[in-house]
Amino acid sequence: VHSQDKKIFNETDAQKEERLAWWVNDRFGMFIHWGLYSMPSRHEWVKSNEHITDSAYQKYFDLYNPDLYNPREWARQAKAAGMKYAVITTKHHEGFCLFDSKFTDYKATNTAAKRDLIKEWVDAFRAEGLKVGFYYSLIDWHHPDYTIDRVHPQRPNDPKDYDKLNKGRDMEKYRAYLKNQVKELMSNYGKIDILWTDFSFPGEHGKDHNDWNSLELIKMIRKLQPGIIINDRLDLGEYEDGGDFATPEQYKVSEWPTRNGKRIHWETCQTFSGSWGYYRDETSWKDNKQLLVLLIESVSKGGNLLLNVGPTSRGLFDARAQDRLKGMGEWMQVNGRSIYGCTEALAEFKRPDNSLLTYNPTTKRLYVHLLDYPLQRFELPGMKGKVKYAQLLNDGSEVKMHNTDKGDLALELPVRKPDVEIPVIELILQ
Ligand code: H79
C-alpha cells in the first residue's frame with residue numbers, strides 16, 4: 001500500500017461524495033476577512049509586515065467599533081452575487097477573535113462591539129439560505145505561548161535571535177488553546193458546514209501537523225460536526241482523508257489537480273485586489289470580467305471559487321466590493337445554469353479558441369462561454385449531429401445551427417454581442 005493511501009476515518013468514497021455533494025454543486029462562495037487589521041486598512045499581514053509590536057497594535061483593539069455591522073446585509077449581497085456559501089475569519093493570524101471565546105480576553109466581546117459577532121453572522125447567513133463556514137488561523141501572533149515564526153519563507157537570513165525571543169513560550173499550551181477554541185467553534189454555533197484552517201508551513205523554520213496536533217484535532221472536529229467539510233491546511237497530506245479539498249490560493253490551476261493520479265476536490269480562494277483584509281489604498285482591483293473568468297475557469301477545471309471581501313472596520317462592504325458583487329450577480333442571475341451543478345466538460349467536447357466549457361452531467365447540457373465575442377459564425381469542432389438545440393443563456397433565444405462537411409457544427413450568432421459581460425451558449429445534447 002502506498003503511504004498516501006493511509007486513512008484516518010473509515011468513510012467510503014461514496015460516503016465522502018455524498019457529504020461533499022452540495023459543495024461540489026454550489027461552486028461559488030464568499031470569503032470574508034474581517035478583524036482589527038481592517039482599521040490600519042493596509043493588508044491583514046500589517047502587524048507582521050511592519051513589525052508592529054503588541055503594544056503598538058493595542059490601539060486597534062481599544063478603538064475597534066463595528067457600529068455599522070449588519071451581517072444580514074452582507075448575506076443579501078452574497079446571495080445576490082450568486083454565492084451559495086460563505087466562510088468568515090473567526091480569528092486571523094493577528095489572534096483577535098470575532099467570537100466570544102472563554103479562553104481569551106482578546107475578543108470582540110471586550111471591545112465596543114460588546115458581543116459575539118460570529119453568532120450574529122451565522123444566524124444572518126443561515127437566514128438568507130447560505131451555508132456557513134469558519135476560517136480559523138492556526139498561526140497566532142498574539143498568544144503568549146505561540147513561538148514566533150521567521151516570516152515564512154521570504155526572509156531566511158532574518159537577523160533576529162528567535163531562540164531568545166521564544167524563551168518561555170510553550171507550544172504545548174498553545175496547542176491546548178487551539179483545541180479549546182476549535183471545540184468552541186464546533187460546539188456553540190449549531191451546524192457548521194465548512195472549517196477552513198490556515199495554515200501549515202512544514203520545513204526548517206515552519207510549523208506542521210505536530211505543532212497543531214492536527215490528527216487529534218481533525219478527529220475531534222469530525223466527531224463534533226460529522227457532516228463538515230474541512231480544507232487541506234492541517235498538514236495531514238500523508239493521509240488520503242487528511243483534508244477534503246485542495247486550496248490553491250490566488251493562482252490559477254492549469255488543469256484539474258490530482259493526487260496519486262486521481263482527480264481531487266478543489267477550491268481556489270481569490271481576492272478582489274491582492275490583499276484579504278480591507279486595504280483602502282490598494283488600486284489593483286480586478287474588473288468584473290476577470291472575476292467571472294476566475295469563476296468559470298474554476299468550474300471548467302472541476303473546482304470551486306471562494307471569492308473574498310474585506311469589510312471596513314465599521315462593518316460595511318466598500319463601494320468597490322459592492323460594485324464587483326453586483327456585476328457578478330447580474331451575470332449569475334441569467335447564466336448561473338452554466339455554473340451550478342457543472343464541472344469540466346468531457347474530453348470529447350473540444351474547446352474552441354477563446355472560450356471556456358462547462359458541462360452539467362445531470363442535464364447533459366454543455367455550456368460554451370464566449371470570452372471574446374466571435375461575430376456571426378462560430379464552429380464547434382467535431383460536434384456534428386450531437387446537439388439537439390442551442391440557445392443563448394442570457395435571453396433564451398435560439399441559436400441556429402447546421403452541420404458542416406468537415407463534421408463540425410456551425411452556429412449562427414447575432415452580430416451584435418449580447419448585452420452581458422460573457423455570453424454563454426447552452427447546447428442541449430442529443
Ligand atoms: O488569510 C489569507 C492570507 O492572509 C493567508 N491565507 C489567506 C486565505 C496567508 N497567509 N500567508 N499566506 C497566505 C502565504 C504567505 C505569504 C507571505 Fe507575505 C509572503 C507572507 C510574507 C510574505 C503576503 C505578502 C503576506 C505578507 C506579504
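Values in this document were obtained by computation on a predicted structure and should not be read as measured data.

Criteria and cut-off values
- Residues numbered from 1 in each chain as written.
- Predicted model: local features only at pLDDT ≥ 70, side-chain atom pairs only at ≥ 80, totals over all residues.
- Buried ≥ 20, exposed ≤ 12 C-beta atoms within 10 Å, placed from the backbone.
- Helix = DSSP H or I, 4+ residues; strand = E, 2+ residues; numbered from the N terminus.
- Arc of directions from axis to C-beta.
- Contact = placed C-beta atoms within 7 Å.
- Pairing = 2+ DSSP bridges.
- Core = buried A, V, L, I, M, F, W, Y, C linked by C-beta atoms within 7 Å.
- Right-handed = clockwise from strand over helix to strand, strands pointing away.
- Domains from an automatic or database assignment.
- Nonpolar A, V, L, I, M, F, W, Y, C, P; charged D, E, K, R; others polar.

J.: Pulling in residues and values, what's your account of helix α9 (residues 214-224)?
T.: Every buried residue belonging to α9 is among Ser214, Leu217, Ile218 and Ile221, and all of these are buried. Along the axis of α9, the buried residues cluster in a sector spanning 95°; they form a single face. Exposed and facing more than 90 degrees away from the buried side of α9 are Glu216, Lys219 and Lys223. Elements in contact with the buried residues of α9: α7 (171-187), β4 (194-198), α8 (209-212) and β5 (229-230).

J.: Any chance you could break down the sheet that holds strand β8 (residues 267-270) for me, citing the residues and the numbers?
T.: If you trace the seven strands from one edge of the open sheet to the other, you get β5-β4-β3-β2-β1-β9-β8, paired in parallel fashion. A single partner strand is all that each edge strand has here, and the edge strands are β5 and β8. Of the strand pairs in this sheet, strand β1 (residues 28-32) and strand β2 (residues 85-91) are connected by four bridges, and their pairing is parallel. The partner of Gly29 across the bridge, within β2, is Tyr85.

J.: So what's going on with the environment of Gly277? Which residues, and what values?
T.: Among the secondary structure elements, Gly277 is positioned in the loop between β8 and α10 (288-300). Apart from residues lying up to four places away in sequence, Gly277 is in contact with His33, Gly35, Tyr37, Ser38, His43, Glu44 and Gly310.

J.: How would you summarise the nonpolar core if you had to cite specific residues and measurements?
T.: In this structure, Ala86, Val87 and Ile88 are the most contacted members of the largest nonpolar core, which totals 97 residues. In terms of residues, this core owes the most to one element, helix α5 (residues 117-127), which gives six residues. Not counting residues within four places of it along the chain, the set of residues in contact with Val87 comprises Gly29, Phe31, Ile32, Gly133, Phe134, Tyr135, Ile194, Trp196 and Leu306.

J.: So, the pairing of β8: which residues are in play, and what are the values?
T.: Residues Glu267 and Cys269 of β8 are buried on one face, and the alternating residues Thr268 and Gln270, pointing to the opposite face, are buried as well. When β8 meets strand β9 (residues 304-309), the two strands line up parallel, connected through four bridges. Note that in β9 the partner of Gln270 across the bridge is Leu307. As a crossover connection, the stretch from β8 through α10 into β9 is right-handed.

J.: Tell me what's going on with the domain arrangement of the chain, and back it up with residues and numbers.
T.: How large an interface is tends to be reported as the accessible area lost when its parts come together. The domain boundaries assigned to the chain delineate domain 1 (3-336) and domain 2 (355-429). Between domain 1 and domain 2, the C-alpha centre-to-centre distance is 38 Å. The interface of domain 1 with domain 2 comprises eleven residues on the first partner and eleven residues on the second. Within the residue set of the side of domain 1 that touches domain 2, elements represented by two or more residues are α10 and α11 (319-335). Counting residues per element, the side of domain 1 that touches domain 2 draws most heavily on α10, at eight residues. Taken together, the residues of the side of domain 1 that touches domain 2 sort by class into six nonpolar, three polar and two charged.

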